[in-house]
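Coordinate inspection notes
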Amino acid sequence: MNSRLLGIGMTSSRTRERMLRRLQEQGIADERVLQAMRKAPRHIFVDEALGSRAYEDSALPIGFGQTISRPYTVAKMTELVLAIQPRSVLEVGTGSGYQTAVLAQVMEQVYTVERILALQQRARERLAELGMRNVRYKHDDGQTGWPQHAPYDAILVAAASPEVPIPLLQQLAMHGRLIMPTGDATHQVLSLVVRTPEGFEQQTLSAASFVPLVHGVKS
Ligand code: SAH
């Protein structure tokens, strides 16, 4: 392990503990989520220049006009999918790989799709460095999901779109949960979709602010 992986020494572990306390104050109560957030070194998922800000509760730039999600958002989305004891999750929008690192600790298998090849490669390297082996990566437009491994107990989308893409609904297991920001650039909400024998139940949870879900792939 290199020194970056081991943390920026005491500063990193102290600021990480502060982040944990803040998450609890913000209402994150699931111990599995808190433990996974404690162990995921957010500073290795941002540029070294931003390392000192890694445990702030804000989104930070990761290049290509994209951002690493706020710790609270990552924790909340993970808590929402864990409500049903899922074993497999499809993540759309790998980005930095930070949310992936949290999911990989609480699920048996994570399938993650990213449309920007360079981001996907960097995320893959970081997660390999952390020894996370239960993650499969795909460079693709995640709006079509990843049919080969469907159905998924949980689907988590990290980019906003006016509607939930139909292929993602089709790839959700019975009683499975899909979490995704819906709306446009100016008004978004976090939506939860649950698949029931009667159909899909969609509910709105809270205001959200994500980058848009974009069509196609980028090398
Ligand atoms: N949870 C990630 C968030 C990254 S931002 C993190 O914390 O780093 C959202 C990501 O979704 C970006 O990397 C963007 O490139 C990706 N994305 C946008 N549209 C996509 C699509 N159609 N398919 C796959 N990935 C997409």
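Cut-off values and rules
- Residues numbered from 1 in each chain as written.
- Predicted model: local features only at pLDDT ≥ 70, side-chain atom pairs only at ≥ 80, totals over all residues.
- Heavy atoms only, no water.
- Helix = DSSP H or I, 4+ residues; strand = E, 2+ residues; numbered from the N terminus.
- Rg over C-alpha atoms; globule rule 2.2 N^0.38 Å.
- Buried < 20%, exposed > 50% of the residue type's maximum accessible area, 1.4 Å probe, protein only.
- Contact = heavy atoms within 4.5 Å.
- Areas by Shrake-Rupley, 256 points an atom, 1.4 Å probe, with all protein chains shown as cover.
- Lys, Arg positive; Asp, Glu negative; His and termini not counted.
- Charge placed at Lys NZ, Arg CZ, Asp CG, Glu CD.
- Near = heavy atom within 4 Å.
- Polar contact = N/O pair within 3.5 Å; in protein donor to acceptor, adjacent residues only side chain to side chain.
- Axes fitted to C-alpha atoms, helices over the stretch in contact; angles between N-to-C directions.
- Left-handed = near helix turned anticlockwise from the far one by under 90°.
- Nonpolar A, V, L, I, M, F, W, Y, C, P; charged D, E, K, R; others polar.

Regarding the overall build of the protein chain
In terms of regular secondary structure, the protein chain is built from 6 helices and 9 strands. Over its C-alpha atoms the protein chain spans a radius of gyration of 16 Å, differing by no more than 12% from the 17 Å that the globule rule assigns to 219 residues. With the C-alpha coordinates of the protein chain rotated into their principal frame, the extents come out at 50 × 40 × 35 Å. When the 219 residues of the protein chain are sorted by exposure, 53% land in the buried category. Considering only contacts in the protein chain between residues 6 or more positions apart, those separated by 24 or more positions represent 55%. Accessible area of the protein chain: about 10,200 Å², with a carbon and sulfur share of 51%. The protein chain carries 24 positive and 21 negative side-chain charges, and their two centres are separated by 5 Å.

Here we look at the site of the ligand
Around the ligand sit 25 residues, and of these Ser96, Glu114, Asp141, Gly142 and Val214 come closest. Arg115 is positioned such that a nitrogen or oxygen atom in its backbone is 3.4 Å from a nitrogen atom of the ligand. Between a nitrogen atom of the ligand and a main-chain N or O atom of Val214, the distance comes to 2.7 Å. Contact with the protein chains covers 99% of the free accessible surface of the ligand, which is 570 Å².

Comments concerning the packing of helix α3 (residues 71-82) against helix α4 (residues 98-106)
It is the contact of α3 with α4, at a shortest axis distance of 10 Å, that shows an interaxial angle of 35°. Considering only the axes of α3 and α4, their crossing is right-handed. For the pair α3 and α4, contact is made by Val74, Met77, Thr78, Val81 and Leu82 and by Tyr98, Gln99, Val102, Leu103 and Val106, respectively. Looking at the contact of α3 with α4 residue by residue, the classes come out as 8 nonpolar, 2 polar and no charged.

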